Amino acid sequence: MNRILVLLFTLLTSGCEIENDNRIGLGMSVDFFASIDCIKSTVEESSGIHRLNSSGSTLSFSLDNYNVMLTVQTQSEQKTSFELDIDGQHIDEDNGVFYRKADLLAKDFKSRLVAKCSSGNGL
């Protein structure tokens, strides 16, 4: 019986192919308090941002044809943690290219956030 199930599973999955899984969630943190207003201002000042929407501690926007959701998870005087969910499933792009671009976008955002919102620089 197990052999039949393994054979059936193999036959069924061999015809299925994931077309595009270009989506990644990146958890990040900075070692200072970053207010929602400063985070939003950092996003607004980034080039290539379109359709910025905010709802509480979540920002959603389009950047370089990717759909991005930024969610602030924790804030304290010593740390701010957030998650960037970058969705490029609607773009016909190689996974390797997508992951490299997503990584660069996340690093660029974090460096902008540090420059703008670290002590003395925030709103």
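Here the structure is a predicted model, which is why all the values come from computation and not from measurement.

## Structural notes on the sheet that holds strand 2 (residues 49-55)
The strands making up a sheet are joined through hydrogen bonds of the backbone, oriented either antiparallel or parallel. Taken together, five strands build an open sheet; the order of strands is 1-5-4-3-2 and the sheet is antiparallel. Pairing within the sheet leaves two strands with one partner each, and these edge strands are strand 1 (23-30) and strand 2. Neighbour-to-neighbour, the strand axes of this sheet turn through a mean angle of 20 degrees, independent of strand direction. Pairing geometry for strand 1 and strand 5 (residues 80-87), over eight bridges, is antiparallel. Bridge pairing in strand 5 places Leu-26 opposite Leu-84. Against the sheet, helix 2 (residues 36-45) makes contact with strand 2, strand 3 (58-63), strand 4 (66-75) and strand 5, and its axis sits at roughly 165 degrees relative to strand 2, the strand it touches most. Strands strand 1, strand 3, strand 4 and strand 5 of the sheet are contacted by helix 3 (residues 95-117), whose axis makes an angle of about 25 degrees with strand 1.

## Re the packing of helix 2 against helix 3
It is the contact of helix 2 with helix 3, at a shortest axis distance of 10 Å, that shows an interaxial angle of 125 degrees. The angle between helix 2 and helix 3 falls in the class oblique. In terms of crossing hand, the pair formed by helix 2 and helix 3 is right-handed. Note on element contacts: helix 3 touches helix 2 through Phe-109, Arg-112, Leu-113, Lys-116 and Cys-117, opposite Cys-38, Ile-39, Ser-41, Thr-42, Val-43 and Glu-45.

Definitions and cut-offs
- Residues numbered from 1 in each chain as written.
- Predicted model: local features only at pLDDT ≥ 70, side-chain atom pairs only at ≥ 80, totals over all residues.
- Heavy atoms only, no water.
- Pairing = 2+ DSSP bridges.
- Helix = DSSP H or I, 4+ residues; strand = E, 2+ residues; numbered from the N terminus.
- Axes fitted to C-alpha atoms, helices over the stretch in contact; angles between N-to-C directions.
- Contact = heavy atoms within 4.5 Å.
- Parallel < 35°, antiparallel > 145°, perpendicular 65-115°, else oblique.
- Left-handed = near helix turned anticlockwise from the far one by under 90°.

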